[in-house]
Amino acid sequence: MLSHTRLTLSLLTTLLLTAMPGSQALAATPLTPTGKPATAKTGSKTADEDVIAARNSIRQEGLEATVRELAKPKYNGRLPGTEGDTLSRDWLVKQFESIGLTPAGSKGYLQPFTTRITDPDESSNLQLGQKANTSNIIGILPGNDPELAKEVIIISGHRDHLGFNNDLRKQYPGANDDLTGVAATLELARAFAKLEGQNKRTLMFVAYGAEEQKYMGSIYHSQNPVAAAPNAQIVLMISIDMIGLGYDKWQSFSQKQMDAYSKRWFREVYNDSDEDKDAYSHEYPKTPGPTFDYDAGPFARIGINTRVIGLADVPNYHSVNDTPDNVHFKPMVNVTRTLFDYLWQVDQDDQPRTR
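Predicted, not measured: the structure shown is a model, and the values here were computed from it. (Residues numbered from 1 in each chain as written. Predicted model: local features only at pLDDT ≥ 70, side-chain atom pairs only at ≥ 80, totals over all residues. Heavy atoms only, no water.)

**Student:** Explanation requested: the layout of surface pockets in the structure shown.
**Tutor:** Quantified by volume, the largest pocket comes out at close to 520 Å³. In terms of lining residues, the largest pocket is bounded by 25 residues, among which Glu211, Met216, Thr291, Phe292 and Asp293 are the most central. Listed by contribution, the elements that provide at least two residues to the lining of the largest pocket are helix H6 (217-223) and helix H8 (297-301). When residues in the lining of the largest pocket are grouped by element, the largest group, three residues, is from H6. Class assignment of the residues belonging to the lining of the largest pocket gives a composition of ten nonpolar, seven polar and eight charged. (1 Å grid on protein atoms, 1.4 Å probe; cavity = no way out; pocket = protein on both sides within 12 Å on 5 of 7 lines; lining within 4 Å. Points joined across faces, edges and corners; volume = space filled by probe spheres on them. Helix = DSSP H or I, 4+ residues; strand = E, 2+ residues; numbered from the N terminus. Nonpolar A, V, L, I, M, F, W, Y, C, P; charged D, E, K, R; others polar.)

Listed below in structure tokens is the structure:
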């Protein structure tokens, strides 16, 4: 039980946060797996209010800025191997650096690999069939627990898209698919970084390359694990892919409704059921298959727990009209904050989970 002084401080903080402009349903304390408020270790400067502040630092401005930046014409649809792909890579590396993530690729933040262009548009894609050099971008926040820090949670989105449609003379911006996932990954990294090392497990943030192509960056990553995260130490892989459409109800969700999702997802992390799904997410089946629809697939195939957050059956899928102006940013805030709550529960769980 919290002391009277601590409880009073927590309540005052909650009231202050609730009163802040734009803080609709955002002031409730993220929960631990036991359903109790997240509290600090004895002697730690991180208290409940710091976790709330980190969560509430996830805002529309940050999410929208990333999507609008990488959808600009200069990135030309971010097809692997193109100048736009390289420009987006360099921009994201700067973001990883500014957040303070530790480089975890095979070359700094980068994990280079080669793919072959197979999608999307056989009538107009001039690079179709060509090999392309690209890379995953990987950074970590090391865990602080002597035992649990060896366990790794991957949080990811994919940075590539489909390039340029020569028939229409327009780029495929890929704003929802998947700059929304990349934006959420960056904002989650910034939020957890604000807790200054209070994560127990190692959090690995990845912007995957070539998700739209035959040889996905996530396949390469799963087959060539980086030194900081052998596959046997990965306890959860999150793929955030297309959260900018189909989530409109989340804009008005209460904290209780968001908590229901974060707690449900936590309950389903380790139960090895392929049937766990809801209207907004699913676990990837741990069964072999010739292709994968999401970056989580290659990890599920080798027995790693996954959760895909995103909806594919939405307007403008793989269209030149997948622009930032057609993304619904306000609901994305609550989706990303709920992911923070969920990941906080997984991270703070005291039970070792390595296989």
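**Student:** In this structure, what is going on with the pattern of salt bridges? I would like to understand it.
**Tutor:** One side chain can pair with another of opposite charge once the charged atoms of both are near each other. Per the stated rule, a full pass over the model turns up 15 salt bridges. The partner of Arg68 in a salt bridge is Glu64, and the shortest N-O contact between them spans 2.8 Å. Here the residue Arg68 and the residue Glu64 both occupy positions in helix H3 (residues 60-70), the gap between them amounting to four residues, near one helical turn. Classification of Arg68 by relative accessible area gives partly exposed; the value is 34%. Taking the shortest distance from any N to any O, the salt bridge between Lys72 and Glu69 comes out at 2.9 Å. (Salt bridge = Lys/Arg side-chain N within 4 Å of Asp/Glu carboxyl O. Buried < 20%, exposed > 50% of the residue type's maximum accessible area, 1.4 Å probe, protein only.)

**Student:** Would you take a moment to explain the packing of aromatic side chains for this structure?
**Tutor:** Centre-to-centre distance and the angle between the planes together describe a pair of aromatic rings. Tallying each qualifying case throughout the model produces 14 aromatic pairs. With centroids separated by 5.9 Å and ring planes inclined at 75°, the aromatic side chains of Tyr261 and Tyr280 adopt a geometry described as edge-to-face. Separated by 19 residues along the polypeptide, Tyr261 in helix H7 (residues 255-267) and Tyr280 in the loop between H7 and strand S9 (281-282) bring together distant segments of the chain. By the burial criterion, Tyr261 is buried, and Tyr280 matches it. Cluster of aromatic residues (ring-pair linked, three or more members): Tyr247, Trp250, Phe253, Tyr261, Trp265, Tyr280 and Tyr342. (Phe/Tyr/Trp six-rings, centres within 6.5 Å; stacked < 30°, edge-to-face > 60°.)

**Student:** Hey, could you run me through the pairing of strand S4 (residues 152-158) in this one?
**Tutor:** Taken residue by residue, a regular strand's side chains alternate between the two faces of the sheet. With respect to burial, S4 is a largely interior element, seven of its seven residues being buried. With seven bridges connecting them, S4 and strand S7 (residues 202-208) associate as parallel partners. The residue of S7 that forms the bridge with His158 is Tyr208. Relative to strand S8 (residues 234-240), S4 is paired through five bridges, and the arrangement is parallel. (Pairing = 2+ DSSP bridges.)

**Student:** Explain the environment of Asp341 here, please?
**Tutor:** Mapped onto the secondary structure, Asp341 falls in helix H9 (residues 329-348). Along the sequence, Asp341 and Met258 sit 83 residues apart, while their C-alpha atoms lie 8.9 Å from each other. Within the structure, Asp341 has its side chain in polar contact with the side chain of Arg55 (distance 2.8 Å). (Polar contact = N/O pair within 3.5 Å; in protein donor to acceptor, adjacent residues only side chain to side chain.)

**Student:** It is not clear to me how helix H4 (residues 83-99) should be interpreted in this structure. Could you clarify?
**Tutor:** The periodicity of an α-helix, 3.6 residues per turn, causes residues three or four places apart in sequence to face the same way. With 17 residues, H4 ought to run about 24 Å at 1.5 Å a step, and its terminal C-alpha atoms sit 25 Å apart, in line with that. Taken together, the buried positions of H4 are occupied by Gly84, Asp85, Ser88, Trp91, Leu92, Val93, Gln95, Phe96 and Ile99. Buried-residue contacts for H4 involve H3, strand S2 (110-116), strand S3 (131-141), helix H5 (175-193) and S7. Just beyond H4, the residue with positive phi is Gly100, at close to 95°. (Expected span 1.5 Å × (residues − 1). Contact = heavy atoms within 4.5 Å.)

**Student:** Which parts of the structure should I look at to understand H9?
**Tutor:** When the terminal C-alpha atoms of H9 are compared, their 29 Å separation across 20 residues agrees well with the 28 Å that a helix rising 1.5 Å per residue should span. Along H9, 19 of the 20 residues are buried, which leaves the element largely enclosed by surrounding structure.

**Student:** Hey, could you run me through the pairing of S7 in this one?
**Tutor:** A large share of S7 lies buried, amounting to seven of its seven residues. Burial along S7 is two-sided: Thr202, Met204, Val206 and Tyr208 and Leu203, Phe205 and Ala207, pointing in opposite directions, are all buried.

**Student:** How should I be thinking about the nonpolar core in this particular structure?
**Tutor:** Soluble, globular proteins show a tendency: their nonpolar side chains are buried together. Of all hydrophobic cores here, the largest spans 64 residues; its most connected members are Leu188, Phe192 and Tyr342. If you look at the next biggest cluster of nonpolar residues, it comprises 22 residues, including Ile138, Ile154, Met237 and Tyr294. (Core = buried A, V, L, I, M, F, W, Y, C linked by side-chain atoms within 4.5 Å.)

**Student:** Please explain the packing of H3 against H5 as it appears in this structure.
**Tutor:** For the pair H3 and H5, the least separation of the axes is 8 Å and the interaxial angle reads 135°. Put simply, H3 runs oblique to H5. When you trace H3 past H5, the crossing you get is right-handed. Of the residues in H5, those touching H3 at Gly62, Leu63, Thr66, Val67 and Leu70 are Ala175, Leu179, Thr180, Val182, Ala183, Ala184, Leu186 and Glu187. (Axes fitted to C-alpha atoms, helices over the stretch in contact; angles between N-to-C directions. Parallel < 35°, antiparallel > 145°, perpendicular 65-115°, else oblique. Left-handed = near helix turned anticlockwise from the far one by under 90°.)

**Student:** Would you explain the environment of Val226 in this entry?
**Tutor:** Within the element layout of this structure, Val226 appears in the loop between H6 and S8. Sequence separation of Val226 and Ile138 is 88 residues, and the distance between their C-alpha atoms is 9.1 Å. Sequence-distant contacts of Val226, defined by excluding residues within four places in its chain, comprise Ala104, Gly105, Gln111, Ile138, Met204 and His221.

**Student:** Sorry, what's going on with unusual backbone geometry here?
**Tutor:** Generally, phi is negative for residues other than glycine and the peptide bonds are trans, each holding for most cases. Cis peptide bonds are those with omega within 30 degrees of zero, and the linkage from Asp177 to Asp178 qualifies with 5°. Positive phi values are uncommon outside glycine, yet Asn76 reaches one of about 50°. Mapped onto the elements, Asn76 comes out in the loop between H3 and H4. What makes Asn76 partly exposed here is its relative accessible area of 35%. The phi dihedral of His318 falls on the positive side, at around 50°, and the residue is not glycine. Within the fold, His318 resides in the loop between strand S10 (306-309) and H9.

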